Amino acid sequence: MSTTTAPTTAPAAEGHAEHHHPPHLKHYFVSSEQQFDASKMGMWLFLLTEVLLFSGMFVAYIVYRAWHPEVFVKMSELLNPFWGGFNTIVLLGSSFSAALAIHYAQKNDNKKLIINLCITLMCAGIFMVVKYIEYTDKFSHGIGMGEFFDPTGSYAQYAIPYAKQFFSIYFVMTGIHGVHVVIGMGIFTWLLVRAVKGHFNSEYYTPVELAGLYWHLVDIIWIFLFPLLYLI
Amino acid sequence: MGDGSFWLPEAASSLASDLDVLFYFVIWVSTIIFVMVVTAMAYFTVKYRRKSPNERPPFLHEHKLLETAWIVIPTILVLIVFTWGFRSYVKLTVAPPDSYEIYVRGYMWNWEFTYPDQGFTTLEPILTVPVGRPIKLIMYSSDVLHSFYIPAFRVKHDVLPNRYTSLWFEAEEEGEYQVFCTEYCGTSHSAMLAEVNVVSEEEFADYLASGGGGYDDLPLEEYGQILYAGQSCQACHTLDGSALVGPSFKGLYGATRELTDGTSVVADEAYLRDSIVNPASQAAVGFVAGSMPNNYQGLGDRELNALVEFIKAQE
Amino acid sequence: MAAHGPNVNYLNHDKSIKSWLTTVDHKRIGLMYLVAVSVAFLAAGVLALLVRVELIAPGQTIMSADTYNQVFTLHGVLMVFAFIIPAIPGALGNFILPIQLGAKDVAFPRLNLASFYIYLIGMAFVLGALLIGEVDTGWTFYTPYSSGEGSNAVLMVTVGVFISGFASILTGLNFIVTVHKMRAPGLTWNRLPLFIWSIYATSIVQVLATPVIGITMVLLFLEKLTGIGIFDPALGGDPILFQHFFWFYSHPAVYIMILPAFGIISDVIAVFTRRPVQGYTFVALSSVAIAFLGFLVWGHHMFTSGQSAVSAIVFSLITYLIGIPTGVKVLNWVGTMYRGSIWLKTPMIYVLAFLFLFSIGGFTGIMLGVLSVDIHLHDTYFVVAHFHYVMMGGTVIAGLAGIHYWWPKMTGRMYNERLGQIAAAFIFVGFNITFFTQFVLGSQGMPRRYYDYVGVMDTMPYFETLHAISTYGSWVLALGLFMVLGYLMASIWTGKKAPANPWGALTLEWTHTTPMPDPHNFTFQPIVTRGPYDYHLADEIFGDGGDGMGDGATVPSLVPDTSPGVTTPQP
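Computed from a predicted model, the values in this text were never measured in an experiment. (Residues numbered from 1 in each chain as written. Chains lettered and ligands numbered in written order. Predicted model: local features only at pLDDT ≥ 70, side-chain atom pairs only at ≥ 80, totals over all residues.)

(A) Examining the overall build of chain A more closely. A count of helical and extended segments in chain A gives seven helices and zero strands. Over its C-alpha atoms chain A spans a radius of gyration of 23 Å, topping by over 25% the 17 Å that the globule rule assigns to 232 residues. The dimensions of chain A, computed from C-alpha atoms along their principal axes, are 80 × 45 × 25 Å. Every one of the 232 residues in chain A was classed for burial, and the buried ones make up 38%. A separation of at least 24 residues holds for 73% of the contacts in chain A among residues at least 6 apart in sequence. (Helix = DSSP H or I, 4+ residues; strand = E, 2+ residues; numbered from the N terminus. Rg over C-alpha atoms; globule rule 2.2 N^0.38 Å. Buried ≥ 20, exposed ≤ 12 C-beta atoms within 10 Å, placed from the backbone. Contact = placed C-beta atoms within 7 Å.)

Here you go:
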């Protein structure tokens, strides 16, 4: 490999000298487009790893469901489809507001960007509160994970073999999903702070876009979890 | 017992010699190709050695035929090997329907064998089988994973808790053959050995008739010595005074034991017997309660008495 | 603000410790990885020597059974997770990849530094657990042994492996994006050096496989902590499921370990024969194909474990499909030497050693893939020997080739060539003595992970001789490796100053100053006009007008302009 160009024709980093350098552009990128493309591709790859992380749990679910389908059907009675469905709608709503946030960032409408970030955060909060209520209800009836699975009272009839496995899978899957929601809330709070400071505009909205992608993934995973655990 | 070769131990089962042919086929084909590759490499290294720093080799167009050949030929070779291996694998996996069945239990760190028709279980890890008859082992574990491996028969299969796995073989020669555990199972993994004793049909009939032993006539202390090895006590309890996982048997009888609950007790017959049957109840200071498996409740009175006598004899 | 001037380079522009620990420069991060993985290799190597000494004779030699089990576990865990997975991508990949691409840095430099620290934190967990907590599960953590009664330190190890998994994922992600988005103009996919192709393929595996070990570790952690009953048969779980999960990562992880080695071999053999790598397209694309096919063969670790016969047969067949492209690569490398101009310097000697050892590793892999033969060989020393021929004879030897090849560029110094060749000979001979005997041990029936073989000396009399020979060999091998450590360290202070292009290579890193400048690799964007190994086109480097060595510093457009007005400020 070699180069046949003289320094004067090399297009790379002389942008510094010419003061065309936007503040968000990192020095090791040639252009904003390159930086944006790179960030977006990195995010997609990261989302791919997230999908694979959850697919491991889905495999565990499929295996145990295939072995003990009747247990899984019976156990899903204990999960309330109303609250599960409610949470699904809440998350779908937050995905919509996250998409709107990107839209308004592109439109330079900082106020609406902030509003939509707030809505997303709020929905995520509602989701976690519902999840908290569901979890504490389970715990109070002695339905926990592993050695803490010891149903009492009216739930005692559910203490059948492999019921434990169902709830292990339920708590691991929804638990890790919940961790993702909490991380998402952290990210959106950070975006909110930056949005209030006016960091985003039509030229630079990469973090909003990437957080949106992440949030859609969290949403999609829940859309799989809800029917698998609550409905069938 | 026959002799092995440089690569393989003796082949003593009906399938072993077939498998060895396949083994040597792969070895020799590999060796031939390997020698060709290394010779070419060495020849090029000498022949095309750089003579001056300014040397510039000619630009060569790639040889399509050669490229294709060295993709196609190895593919054919490995497909031959695969098919061959697959066919002998099926033979190895499917036991003949008239096989004689024996149950095998693996536990940390011993093997025991149960003969279903007679209902007795071996006290020493010796699997006695008749020569020239297919034997199917139905295996399970009481704790972690183990693996049952007889090199001379070229058979091996993992032994799992809560399910049965099986393997089969037909021994061709009388003799004693080594059994290994080949799935790592903790401290005394390498001491989890057993022996296959291949005997004639008559001897096998006698063995079954004797209920697997002829131990009944032995003095208790001698019987205890057999059990000490047979029940794998030696994996944790020495006879020379040094402590392993558990205390040494040397001088144990009559000694005052400091227990982990703060009390102390003299190691009399009752203590010894209780510690075999229910090991966690009176653990001595310096040892972890629960490190000894709860496997020994099943021993009969005569066996327990024999072990107590044996321990008493270790002064 | 960093200093600038003709003698200022990435190593000396700021010598404070802080400037190293907080650097986002991929070259410095690469060097820090090099130090970290070398320490891990040294520690795990000393443990291997202890294992060999224990086995030199039957009975207890230097340690108890429990200690032995912990030592081989520590050896395995450190070698796999702390050394061989991060070694080549972390050290050489970080240093070389952006320069070969003509990029100023990787796409996400801060993420790159973060991965390094995540790796360190993960390893701190692993090491802490293994030292304090007496973990004796082997590196495979098979349930129910690992989830059962034993030491709770297994919890800490799973956390450590989980954390270091993130480092692996982030490094892979970073490299994939860098290769896709930051190639220099003219550096098309079919002009990429094969080292980049192989790191790229490795990164794909890292990104796709590592999350699965992550979730496996989470489940194992919860199994051990609360008994969730997924893997523990006593609670209704399935230990085979754990093995499927584990090998679904750990087989592709084998390709994380070996693919970068293929890249180094390709680059070095081209330079030291002055010929383009035979079958460039095949070698490049087969790495990527292997990366994907590698996900379909995990079951060949489980032929005796109790999976169904049908799946065993399918896994065996796919194993061969993946073996063929690997074999063809070896033939391509040997073919590259044909009518070349072969220069027997230390890196090339390691390449020849690699071709020899890796071929043996490959052929024995074919043997282990034969279903019925594997029944006999599974979990014996044959397997131990096989993966040491592939991992050590393959990856480590290739890593040594790479280190010797890029050492002048990294440090600006030449090592002692004569010592390099002597050490390579010791390593080659010692390695074969150590591990070839283990093939025989294994096919004779010696199971792996055995502390002792005194109980079988009546029936297996060869074991003692073979074990003893293997142990003697390990000392020769260790001597060679310590020599390498010694003369490389010495070269930093006493070595001759390295020219910019001591090997007459054509890839971008060699057409640049030595050591590399600071803070950015290229002040001006290089433009690539030919393939990485097109010696027939490289008239300016050697040929009629050149001196045959090539010195990239004379190529005008690549000399960094260090006048203050032009240099990019630090962010």
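There's more to say after this.
(B) Spotlight on helix α4 (residues 220–230) of chain B. Residues and elements named next belong to chain B. Among the residues of α4, those classed as buried are Y223, G224, L227 and G230. For α4, the buried positions fall inside an angular range of 125° around the axis, keeping them on one side. On its buried side, α4 packs onto α6 (301–313). Just downstream of α4, S232 is the residue with a positive phi angle, here 70°. (Arc of directions from axis to C-beta.)

(C) Just the interface of chain C and chain B, in detail. Taken residue by residue, the interface counts 76 residues in chain C and 71 residues in chain B. For the side of chain C that touches chain B, the elements supplying multiple residues, two or more each, are α3 (65–101), α9 (309–337), α10 (346–369), α11 (371–377) and α13 (417–443) of chain C. With 13 residues, α9 of chain C is the single largest residue contributor to the side of chain C that touches chain B. A per-class count over the side of chain C that touches chain B returns 42 nonpolar, 26 polar and eight charged. (Nonpolar A, V, L, I, M, F, W, Y, C, P; charged D, E, K, R; others polar.)

(D) Up close: the packing of helix α8 (residues 280–293) of chain C against α9 of chain C. All names here are of chain C. Look at α8 against α9: their axes get within 10 Å of each other, and the N-to-C directions meet at 155°. In terms of orientation, α8 and α9 fall into the roughly antiparallel class. Judged by the sense of rotation from one axis to the other, the crossing of α8 with α9 is left-handed. Residues F282, V283, S286, A289, I290 and L293 of α8 touch α9, and the partners they reach there are I318, L321, I322, P325, T326, V328, K329 and N332. Of the residues in the contact of α8 with α9, the class split is ten nonpolar, three polar and one charged. (Axes fitted to C-alpha atoms, helices over the stretch in contact; angles between N-to-C directions. Parallel < 35°, antiparallel > 145°, perpendicular 65-115°, else oblique. Left-handed = near helix turned anticlockwise from the far one by under 90°.)

(E) Representation of unusual backbone geometry within the structure. The amide bond that connects M108 of chain B to the next residue, W109 of chain B, takes the cis arrangement and shows omega of 0°. Tracing the chain through its elements places W109 of chain B in the loop between β1 (100–107) and β2 (110–115). The omega torsion across T143 of chain C and P144 of chain C is 0°, close enough to zero to call that bond cis. The topology assignment puts P144 of chain C in the loop between α4 (109–133) and α5 (153–181). Positioned with a positive phi, N108 of chain A is a non-glycine residue whose angle comes to about 65°. Position of N108 of chain A among the secondary structure elements: in the loop between α4 (81–106) and α5 (110–140).

Purely spatial values, then, with no claim about function.
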